[in-house]
Amino acid sequence: MWQTIGHVLPIAVAVALSSVPIMATVLILLSPNRVRSAVPFMVGWLLGLVAVVTAFALLAQTVPKPRHPQVALAVAEFLIGAAILTLAVITWRQAPTAAVRESRWRRAVSSFGPGASFGFAVVLNLRPKALLLAAATGLIIRADGLSVTESAIVIGVYTTVAATTVAGPIVATLVAPEKARGWLLSTRHWIDENSSVVAVVILLIVGVVLVGNGLTRL
């Protein structure tokens, strides 16, 4: 189980550093609706994380065990890693047009109420990047042959790490809203300037790690 946790931690960190849910969190916390909308957004994000990675882990369980499981896992990890690397290239090439699209949803997020915040947080887990990372995690859990209890613990650790950059700011802001405003504004400005670069770097790192893991299993 500990080896599995070690394998999924880099993926969980990649999810935690994703700029879209962090920016959505910041915008909600800076909006007039933060008291009503922040907690539903956090709950939706947590439930979405658990649901998607659990679904992929269960889906992986339905696949018949191959004659050479390590080879099959190696191929699957290599393919997912290659897909993530491809997504990194696409993200980099689409950075100028992505900025225009982001400005639209950012304006909408600032006006979200509790229901919309919850639903938006859940939907964020269905983005291509989020699905690829969850698929990689589910595949690792399946390949290591964990029990139900061990799988639940691994998913719990994955979710805890992945949710820190959403849950942490929300809790801190609700506890001390005046102190939080300054660093929320700084975070929003920093993400505006660096989100594309950060996204590409994270995708490249995770993609290389998965491709490397796949190659070492051959």
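**Structural notes on helix α1 (residues 2–16)**
So, point 1. Across its 15 residues, α1 extends 20 Å between first and last C-alpha, which sits within 8% of the 21 Å expected from 1.5 Å per residue.
So, point 2. Of all the bends in α1, the largest measures some 35° and sits at Val8, one to four residues before the proline Pro10.
So, point 3. Within α1, the full set of buried residues consists of Thr4, Ile5, Val8, Ile11, Ala12, Ala14, Val15 and Ala16.

**Some thoughts on the packing of aromatic side chains**
So, point 1. Within this structure, the stated rule accounts for one aromatic pair.
So, point 2. Where Phe112 meets Phe120, the ring centres are 5.5 Å apart and the plane angle is 65°; that geometry is what we call edge-to-face. Accessibility classification places Phe112 together with Phe120 in one group, the buried group.

**Focus on the environment of Ala88**
So, point 1. Summarising the element assignment, Ala88 is placed in helix α4 (residues 69–93).
So, point 2. Relative accessible area serves as the criterion here: at 1%, Ala88 is assigned to the buried category.
So, point 3. Counting along the chain gives 111 residues from Ala88 to Ala199, while the straight-line C-alpha distance between them is 7.5 Å.
So, point 4. With near-sequence residues (within four places) excluded, Ala88 lies in contact with Val200, Leu203 and Leu204.

**Topic: the environment of Val123**
So, point 1. Mapped onto the fold, Val123 is located in helix α6 (residues 114–124).
So, point 2. Residue classification places Val123 among the partly exposed positions, given a relative accessible area of 49%.
So, point 3. A sequence separation of 75 residues divides Val123 from Gly48, and the C-alpha atoms of the two residues are 7.5 Å apart.

**With respect to helix α8 (residues 148–175)**
So, point 1. A maximum bend of about 60° is found in α8 at Thr164.
So, point 2. Regarding α8, the residues found buried are Ser151, Val154, Ile155, Tyr158, Thr159, Ala162, Ala163, Val166, Ala167, Pro169, Ile170 and Thr173.

**A closer look at a nonpolar patch on the surface**
So, point 1. Taken together, the side chains of Val39, Val43, Leu47, Phe118 and Leu174 present a nonpolar region at the surface, about 370 Å² in accessible area.
So, point 2. Counting residues per element, the nonpolar patch draws most heavily on helix α3 (residues 34–61), at three residues.
So, point 3. Relative to the elements of secondary structure, Val43 occurs in helix α3.

**Some points on the nonpolar core**
So, point 1. Core analysis: the biggest nonpolar cluster contains 54 residues, and Phe41, Trp45, Trp105, Val109 and Phe120 have the highest contact counts within it.
So, point 2. In terms of residue count, the dominant contributor to this core is helix α2 (residues 19–30) (nine residues).
So, point 3. With sequence-adjacent residues up to four places away left out, Val109 is seen in contact with Ala24, Leu27, Ile28 and Phe120.

**Remarks on the packing of α3 against α8**
So, point 1. Where α3 contacts α8, the axes come no closer than 10 Å and their chain directions differ by 175°. The angle between α3 and α8 places the two elements in the roughly antiparallel class. Along its contact with α3, which presents Arg34, Ala38, Val39, Phe41, Met42, Trp45, Leu46, Leu49, Val50, Val53 and Thr54, the element α8 presents Ile155, Tyr158, Thr159, Ala162, Ala163, Val166, Ala167, Ile170, Val171, Thr173 and Leu174.
So, point 2. Here the contact of α3 with α8 is composed, by residue class, of 18 nonpolar, three polar and one charged.

**Quick notes on the packing of α1 against α8**
So, point 1. Running from amino to carboxyl end, α1 crosses α8 at an angle of 25°, the nearest separation of the two axes being 8 Å. Judged by the inter-axis angle, α1 sits roughly parallel to α8. As α1 packs across α8, the resulting crossing turns out to be right-handed. Residues Thr4, Ile5, Val8, Leu9, Ile11, Ala12, Val13, Val15 and Ala16 of α1 form the contact with α8, whose own contacting residues are Val154, Val157, Tyr158, Val161, Ala162, Thr164 and Thr165.

Cut-off values and rules
Residues numbered from 1 in each chain as written. Predicted model: local features only at pLDDT ≥ 70, side-chain atom pairs only at ≥ 80, totals over all residues. Heavy atoms only, no water. Helix = DSSP H or I, 4+ residues; strand = E, 2+ residues; numbered from the N terminus. Expected span 1.5 Å × (residues − 1). Bend = angle between axes of the 7 residues up to and from the residue. Buried < 20%, exposed > 50% of the residue type's maximum accessible area, 1.4 Å probe, protein only. Phe/Tyr/Trp six-rings, centres within 6.5 Å; stacked < 30°, edge-to-face > 60°. Contact = heavy atoms within 4.5 Å. Patch = residues over 30% accessible without salt bridge, like charges linked within 9 Å, V, L, I, M, F, W, Y side chains within 5 Å. Areas by Shrake-Rupley, 256 points an atom, 1.4 Å probe, with all protein chains shown as cover. Salt bridge = Lys/Arg side-chain N within 4 Å of Asp/Glu carboxyl O. Core = buried A, V, L, I, M, F, W, Y, C linked by side-chain atoms within 4.5 Å. Axes fitted to C-alpha atoms, helices over the stretch in contact; angles between N-to-C directions. Parallel < 35°, antiparallel > 145°, perpendicular 65-115°, else oblique. Nonpolar A, V, L, I, M, F, W, Y, C, P; charged D, E, K, R; others polar. Left-handed = near helix turned anticlockwise from the far one by under 90°.

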